[in-house]
Amino acid sequence: MSGYVGILVSDPWLQNQFTQVELRSLKSHFMAMRRESGKLTLNDLASLMSRLKVVGENLTEEERASCIQDLYKNLDEEVDFEFFLKVYLKLHAHASARTGSVAKNSSAFLKAATTTLLHTISESEKASYVAHINNYLAEDKFLKQYLPIDPATNDLFEIVKDGVLLCKLINLAVPGTIDERAINTKRVLNPWERNENHTLCLNSAKAIGCTVVNIGTQDFIEGRRHLVVGLISQIIKIQLLADLNLKKTPQLVELVQDSQEAEELMSLPPEKILLRWMNFQLKKSPFKKTVTNFSSDVKDAEAYAHLLNVLAPECSNPSTLTVKEALARAKLVLEHADRMGCKRYLTAKDIVEGSPNLNLAFVAHVFQHRNGLSTKTTQISFLETLPDDTQISREERAFRLWMNSLGNSSYIDNVFEDLRNGWLLLETLDKVSPGIVNWKIANRPPIKLPFRKVENCNQVVKIGKQLKFSLVNIAGNDIVQGNKKLILAYLWQLMRYNILQLLKNLRFHSHGKEINDADILQWANGRVSSSGGQARMNSFKDKSLSDGIFFLELLSAVQPRAVNWSLVTKGITDEEKKMNATYIISIARKLGCSIFLLPEDLTEVNQKMILTLTASIMYWHLKQPSEEKPAAGTSDSETISNSTLDDSASESSLEDTANL
């Protein structure tokens, strides 16, 4: 087993039941389930495991639920990955026994089945996402020739093969993520152009928070259904949850009592805020239960009936609350939603089956359409007293997206909250420097005792010092307490160390010398100069970089066909600078750079972001076969200097690193 698998599964018996590919596939499903339902319990597994083919197709939800109830007493127990695997094995054995297939408790049944049979899709989800695409992209100038897509066919998987649809969908979710000038939109694309679009799509998807650890460009070219639907699901979810924060919807402050609670609300992931909003509205009704997920808690449709009555009493039907059968009630709920003007996203059958993705989409759309919150500005006045941490939030965003791109065991929604037990930091350190973590003394979540969290974080600090990070006055307890400044300082150095190590490992002709900031600066200027460019970067805080011309010349130097100079502005006005910055980011992602910076980081010349953008372009260039690199007057080996690692920029945060 590799170190990666060893971290995910510490139980030797479990390690022997699965291949690495199977573990990664199951891990991907597990992470998706946990993200969809929040806290994943045994009670949730019966419905959520429907997507696993052997378990989902050969056992009904009732059979899965019955089996789980027979095996375990406390159905509210939270499920971690190893527990999930054990439940999966039990259900798989039960399904295999019923179908008379392979023997129970042998690794062979998994090796013969999981890699090929896990990949199912929900036709109901596919139909919902197709309807979403047809609705929101109907007027797109390029896509209108292909829309509407028929949900009953496989046309969706054909259309995504050129990459344009997915790029447009990302921009729909987070406007401005991709500069559409960078998308190849010819009617017929050659394989190179198609691959560029998919590379741009995947790197942009990571940059808005999608998990794409096990997805490659070839998966889209081949139209692999489960991966396509999985990514589309994530993108649409991000779009639908975009307004669930205090900046976009300040009326959410009605859910809290004071500024301290408001700060806590701001740190919650959008799914949790949506649940909190739903329960806030339900308190206005006779409904007494608390909804904790978008699956088992809404399957009887009672919560929906009361929620819609609170939000739109004029559209209500008295029968909705009196009917006894869940499916009939679900149908009446959707009729109520129709009268409100809400898009359905799901069928009554999806509600009673507890489809977490579609239920979340439905509630999110109801929130967008009619949230029932006060518009009185007096109620949101104390929001003005909250600190304006624009820079901190941008840095937090970069670290979060970068760490999520590494494929850690849990998705990070907020680095100040989710890193406090030290476990995910230890996982990240182990990926950046394999073998550096002493897992024997690490404490695995869930961790209830505070001193166990401190132990993990003390090891995090100790390893940082071992890697020569500047950690003056930083202790493990600072991370446990969520000290923002110190956490950002640590993460910046960790990310910077990562990209420098990647560069060092690629530079086989550097004879083991450390790569430093001066080397990256010298390399970039050398590439631009040798290709005939006129711009120059004096340092990573050179204000002349704000017009973007240097980076456009650098990208053109490493790949002459990358930049369409007819689309480049002079970079004089703020608007022109932003246009160039957006184009630079998209071109870099299109080449293959996995970067997380924003256009503002370029126009404002954020020193750390400039450093890491340059390093990522350098990393991409050095990975290319030598015959594909354009000729240059200065060889790459000449850019290695004898200076030691420069920590001058190691004080804050990074927005990029090449794919790690």
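As the structure is a computational prediction, the values presented were derived from the model and not from experiment.

A. Representation of the overall build of the protein. When helices and strands are tallied, the protein shows 32 helices and 0 strands. Burial status across the protein gives 55% buried among its 660 residues. For the protein, the share of sequence-separated contacts (at least 6 apart) that also reach a separation of at least 24 residues comes to 65%. In the structure as shown, the protein presents an accessible area of about 27900 Å², 50% of it carried by carbon and sulfur atoms.

B. Broad picture of the pattern of salt bridges. A full pass over the atoms with the stated rule returns 21 salt bridges. For Glu61, the salt bridge goes to Lys299, with nearest N and O atoms at 2.3 Å. Separated by 238 residues along the polypeptide, Glu61 in helix H6 (residues 61–71) and Lys299 in the loop between helix H16 (270–282) and helix H17 (302–311) bring together distant segments of the chain. With a shortest N-O distance of 3.0 Å, Glu193 and Lys186 are connected by a salt bridge. Its relative accessible area of 44% is what places Lys186 among the partly exposed residues. Each of Glu123, Lys126 and Arg225 takes part in one network of salt bridges that share partners.

C. Geometry of empty space enclosed by the protein. Per the counting criterion, the structure on display carries 5 cavities of 30 Å³ or more. When its volume is computed, the largest cavity comes out at roughly 80 Å³. Forming the boundary of the largest cavity are 10 residues, of which Tyr129, Ser233, Lys237, Asn357 and Leu360 lie nearest the centre. Taken together, the residues that form the lining of the largest cavity break down as 6 nonpolar, 2 polar and 2 charged.

D. Spatial organisation of the nonpolar core. With 169 residues, the main nonpolar core has Leu274, Trp277, Met278 and Phe551 as its most contacted residues. Sorting elements by how many residues they give to this core places helix H27 (residues 484–506) first, with 12 residues. Here Met278 is in contact with Val291, Phe294, Val298, Ala303, Tyr304, Leu307 and Val363, once residues within four sequence places are set aside. Core analysis: the second largest hydrophobic core is formed by 31 residues, Leu14, Phe30, Ala46 and Leu75 among them.

E. Structural detail: the packing of aromatic side chains. If you walk through the whole model with that rule in mind, you get 11 aromatic pairs. The interplanar angle of 80 degrees and the centroid separation of 5.5 Å between the aromatic rings of Phe469 and Tyr490 together place this pair among those described as edge-to-face. Placement of Phe469 in the loop between helix H25 (450–466) and helix H26 (476–480) and of Tyr490 in helix H27 is noted, with a sequence separation of 21 residues between them. Note on Phe550 and Phe551: the rings are 5.6 Å apart at their centroids and 85 degrees apart in plane angle, and the pair reads as edge-to-face. Phe551 sits in the buried class, given a relative accessible area of 0%. One aromatic cluster is present, built from ring pairs that chain together Phe30, Phe81 and Phe84. Over the ring of Tyr583 we find Arg181, and its NZ or CZ is 4.9 Å from the ring centre.

F. Representation of the confidence of the model for the protein. Summary statistics for the protein give a mean pLDDT of 84 and a share of 84% for residues scoring 70 or more. Note on residues 1–7: pLDDT under 50 across the span, and 16 contacts to partners over four residues away in sequence or across chains. Low pLDDT (under 50) marks residues 100–118, which in the prediction has 39 contacts with non-local residues, meaning those over four places away or in another chain.

G. Quick look at the environment of Ile215. For Ile215, the location among the structural elements is in the loop between helix H12 (191–207) and helix H13 (217–221). Separated by 12 residues in sequence, Ile215 and Leu227 place their C-alpha atoms 7.0 Å apart. Those residues in contact with Ile215 that lie beyond four places of it in its chain are Leu202, Phe220 and Leu227.

H. Representation of helix H19 (residues 326–340) within the structure. Between its terminal C-alpha atoms H19 stretches 21 Å, which fits the 21 Å expected from 15 residues at 1.5 Å a residue. Tucked inside the fold, the buried residues of H19 contact H17, helix H18 (319–322), helix H20 (348–352) and helix H21 (356–369). Between the side-chain oxygen at the start of H19 and the backbone nitrogen of Leu327 there is a gap of 3.2 Å, and the oxygen is on Glu325. Backbone geometry just downstream of H19 places Gly341 in the positive-phi region, at approximately 90 degrees.

I. Layout of the side chain of Ser285. Mapping Ser285 onto the fold places it in the loop between H16 and H17. Sequence-distant contacts of Ser285, that is, excluding residues within four places in its chain, are made with His306 and Val310.

J. Up close: helix H30 (residues 574–591). Between its terminal C-alpha atoms H30 stretches 26 Å, which fits the 26 Å expected from 18 residues at 1.5 Å a residue. Along H30, 13 of the 18 residues are buried, which leaves the element largely enclosed by surrounding structure. Phi for Gly592, located one or two positions after H30, is positive at around 140 degrees.

K. Seen up close, the packing of helix H22 (residues 390–405) against H27. One can describe the packing of H22 onto H27 by two numbers: an axis separation of 10 Å at closest approach and a directional angle of 45 degrees. Viewed along their axes, H22 and H27 adopt a mutual orientation that is oblique. In this structure, H22 crosses over H27, and the sense of that crossing is left-handed. Here H22 contributes Ile392, Glu395, Glu396, Ala398, Phe399, Trp402 and Met403 to the contact with H27, which in turn contributes Lys484, Leu488, Leu491, Trp492, Leu494, Met495 and Asn498. Among the residues making up the contact of H22 with H27, the classes are represented as 10 nonpolar, 1 polar and 3 charged.

L. Inspection of the environment of Ser539 at higher detail. Mapped onto the secondary structure, Ser539 falls in the loop between helix H28 (517–530) and helix H29 (549–558). The class for Ser539 is partly exposed, based on a relative accessible area of 25%. For Ser539 and Ala518, which are 21 residues apart along the polypeptide, the C-alpha to C-alpha distance reads 8.9 Å. Dropping the residues within four chain positions of it, Ser539 is found in contact with Leu521 and Leu545.

M. Seen up close, the environment of Lys161. In this structure, Lys161 sits in the loop between helix H10 (155–159) and helix H11 (164–173). Those residues in contact with Lys161 that sit more than four places away from it in its chain are Arg194, His198, Phe220, Ile221, Glu222 and Gly223. Here Glu158 takes part through its side chain, which lies 3.1 Å from a polar atom of the side chain of Lys161.

N. Region of interest: unusual backbone geometry. For the peptide bond that leads from Leu147 to Pro148, omega is 0 degrees, which places it in the cis range. With respect to the helices, strands and loops of the structure, Pro148 is situated in the loop between helix H9 (123–136) and H10. Here the amide bond leading from Pro445 into Pro446 is cis, since omega sits at 0 degrees, within 30 degrees of zero. In this structure, Pro446 sits in the loop between helix H24 (423–432) and H25. Here the phi dihedral of Asn473 falls at roughly 65 degrees; this positive angle occurs in a residue that is not glycine. Counting through the fold element by element, Asn473 comes out in the loop between H25 and H26.

O. Inspection of the side chain of Asn197 at higher detail. Examined against the element boundaries, Asn197 turns out to sit in helix H12. Within the structure, the side chain of Asn197 is placed 2.9 Å from the backbone oxygen of Asn184, a separation counted as a polar contact. When sequence neighbours within four positions are dropped, the list of residues in contact with Asn197 reads Asp162, Gly163, Val164, Cys167, Ile183, Asn184 and Leu189.

Definitions and cut-offs
Residues numbered from 1 in each chain as written. Predicted model: local features only at pLDDT ≥ 70, side-chain atom pairs only at ≥ 80, totals over all residues. Heavy atoms only, no water. Helix = DSSP H or I, 4+ residues; strand = E, 2+ residues; numbered from the N terminus. Buried < 20%, exposed > 50% of the residue type's maximum accessible area, 1.4 Å probe, protein only. Contact = heavy atoms within 4.5 Å. Areas by Shrake-Rupley, 256 points an atom, 1.4 Å probe, with all protein chains shown as cover. Salt bridge = Lys/Arg side-chain N within 4 Å of Asp/Glu carboxyl O. 1 Å grid on protein atoms, 1.4 Å probe; cavity = no way out; pocket = protein on both sides within 12 Å on 5 of 7 lines; lining within 4 Å. Points joined across faces, edges and corners; volume = space filled by probe spheres on them. Nonpolar A, V, L, I, M, F, W, Y, C, P; charged D, E, K, R; others polar. Core = buried A, V, L, I, M, F, W, Y, C linked by side-chain atoms within 4.5 Å. Phe/Tyr/Trp six-rings, centres within 6.5 Å; stacked < 30°, edge-to-face > 60°. Lys NZ or Arg CZ within 6 Å of the ring centre and 35° of its normal. pLDDT = per-residue confidence, 0-100. Expected span 1.5 Å × (residues − 1). Polar contact = N/O pair within 3.5 Å; in protein donor to acceptor, adjacent residues only side chain to side chain. Axes fitted to C-alpha atoms, helices over the stretch in contact; angles between N-to-C directions. Parallel < 35°, antiparallel > 145°, perpendicular 65-115°, else oblique. Left-handed = near helix turned anticlockwise from the far one by under 90°.

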